[in-house]
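Descriptive structure summary
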Amino acid sequence: MSGGLEREIAEIVAADGPMTVARFMELALGHPAHGYYMTRDPFGAGGDFVTAPEVSQMFGELIGVWCAQAWQTMGTPDPVRLVELGPGRGTLMADLLRAARIMPVFRKAIEVHLVETSPVLRAAQKAALEEAGVAVHWHDSLAGVPDGPAILVANEFFDALPVRQFVFRNGAWHEVVIGIDGDGGLFLGVVPHDLPEDERLDEAPEEGAVLEIAPARRAVAHEIGRRLARWGGAALIVDYGHAARDYGDTLQAVRGHDHVPLLDRPGESDITSHVDFADLAAALARAGTAPYGPVPQGDFLESLGLTARAEALKGGGEPDMAAEIDAAVARLAGRGETEMGSLFKVLVAADRRLPPPYPFTGATS
Ligand SMILES: C[S@@+](CC[C@H](N)C(=O)[O-])C[C@H]1O[C@@H](n2cnc3c(N)ncnc32)[C@H](O)[C@@H]1O
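The name given to the protein chain in an unreviewed UniProt entry is SAM-dependent methyltransferase, and the organism recorded there is Kaustia mangrovi.

Right, dumping it as structure tokens:
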């Protein structure tokens, strides 16, 4: 019940003062009783949004091909931890594992570790992976995944981690915060709060410029980088966002496939913001791991054989099915504004001792 979370947030603000957007996001998505992801399966046409693995099995299958290639580059370690961060319904992992059957030695070496906080989605993942015939381990955070060589995959995970928002007004930086009005309702306001020097893009931002910073995302990227540098392996991060740091208000709340106001019924809408890939790449590099990219999702999938896979799936099937597959290809790799091909990007990271992973073969980090 969303009223419960709204009241609880109002009580916290009354007791502690204005709340950062990051704390609001953390509660709205992850509150143990009322958090958006903790209480529902939000995917699909009848839910709030559709992710790439839910568009088509081809997405997870091609990521499976990428993982098999990464494993070979790593020198075929056995066992290898196959880690997925924020696995949703488990669809990507199920499709990935099915595709990995083309390389039985890889499939046999895989130990699956899922990082997931939602009990509802953990149950969905368990059901999706029942048939896969592999041992699956769940963790609340990456810290719980045992040490060892690993391949990590994260699709639309980082965009759900909290961001802080700052706005430049009257010649000074302010932080965007949630306050309560005289009737106990939530509203968005600002409080004077300087932006740390190392977060600034320049000395003279325009009036009204908004900058988002995401220490929580940076911390996870750093932990991925630390693991890969220490134990070897590769990571694939897919999300929507920008390749270079820039100003802009990208926070959004979505319910039933529509945008809604950020503070409307907290806990009942998905809240995300664009991922700053330059910031993630810098955190990975600081931890001693080589970042590659990002590249547009469309280029990445096409280089892995999206067109050929689509043709194979069509086979001699019905025209309706062929049209559905073509629509999925367009959605995943098309460059239009409502398609995922360029809005979504792929960042790869790998142990510096390894040759660059696909599709960066021959690149220098
Ligand atoms: C937008 S969904 C993406 C799901 C899936 N990767 C897909 O592409 O369909 C975000 C996922 O991250 C999980 N999640 C969100 N915040 C998390 C956190 N702090 N720790 C672990 N999982 C989290 C959610 O429960 C959900 O499974």
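Of regular secondary structure, the protein chain possesses 13 helices and 16 strands. Relative to a compact globule of 365 residues, whose C-alpha radius of gyration would be 21 Å, the protein chain shows 21 Å and is just as compact. Taken over 365 residues, the protein chain has a buried fraction of 53%. The long-range fraction of contacts in the protein chain, counting pairs at least 24 apart against all pairs at least 6 apart in sequence, stands at 75%. When the accessible surface of the protein chain is split by element, carbon and sulfur atoms take 53% of a total near 15400 Å².

Turning our eyes to something else, we now look at helix α12 (residues 306-314). Along α12, the residues classified as buried are L306, A310 and K314. Each buried residue of α12 lies within a common arc of 70° when the element is viewed along its axis, so the set occupies one face. In α12, the exposed positions that point more than 90 degrees away from the buried face belong to A308 and A312. Summarising the contacts, the buried residues of α12 are in contact with α5 (57-73), α11 (297-303) and α13 (319-333). Positive backbone phi, at 45°, marks G315, one or two positions downstream of α12.

This part is about the pairing of strand β2 (residues 80-85). The element β2 is largely enclosed, with a buried count of 6 among its 6 residues. Going residue by residue along β2, you find V80, L82 and E84 tucked away on one face and R81, V83 and L85 tucked away on the opposite face as well. Relative to strand β3 (residues 110-115), β2 is paired through 6 bridges, and the arrangement is parallel. In the sheet register, R81 faces β3, and the bridge partner there is E111. Across 5 bridges, the pairing between β2 and strand β5 (residues 150-155) is parallel. When the sheet's bridge partners are listed, E84 is paired in β5 with V153.

Turning next to unusual backbone geometry. In the segment running from D78 into P79, the intervening peptide bond is cis, with an omega of 5°. In this fold, P79 is placed in the loop between α5 and β2. The peptide bond linking G293 to P294 adopts the cis configuration, its omega dihedral lying at 10°. With respect to the secondary-structure elements, P294 resides in strand β15 (residues 289-296). A positive phi angle is found at E156, which is not glycine, with a value near 50°. What makes E156 buried here is its relative accessible area of 18%. Phi angles above zero are rare outside glycine, and R265 is one such case at about 50°.

A complete count under the given rule lists 8 aromatic pairs for this structure. For the ring pair F157 and F158, a centre distance of 5.5 Å and an interplane angle of 80° mean the geometry is edge-to-face. In this structure, F157 and F158 share a single accessibility class: buried. Centre to centre, the rings of Y240 and F344 are 5.5 Å apart; their planes meet at 50°, and the pair counts as tilted. Highlighted residues: Y240 in strand β10 (residues 233-242) and F344 in strand β16 (residues 344-351), separated in sequence by 104 residues. For Y240, a relative accessible area of 6% corresponds to the buried category. According to the relative accessible area criterion, F344 is buried, its value standing at 8%. By the ring-pair criterion, three or more aromatic residues cluster together here, those being F168, W173 and Y247.

Cut-offs and rules
Residues numbered from 1 in each chain as written. Predicted model: local features only at pLDDT ≥ 70, side-chain atom pairs only at ≥ 80, totals over all residues. Heavy atoms only, no water. Helix = DSSP H or I, 4+ residues; strand = E, 2+ residues; numbered from the N terminus. Rg over C-alpha atoms; globule rule 2.2 N^0.38 Å. Buried < 20%, exposed > 50% of the residue type's maximum accessible area, 1.4 Å probe, protein only. Contact = heavy atoms within 4.5 Å. Areas by Shrake-Rupley, 256 points an atom, 1.4 Å probe, with all protein chains shown as cover. Arc of directions from axis to C-beta. Pairing = 2+ DSSP bridges. Phe/Tyr/Trp six-rings, centres within 6.5 Å; stacked < 30°, edge-to-face > 60°.

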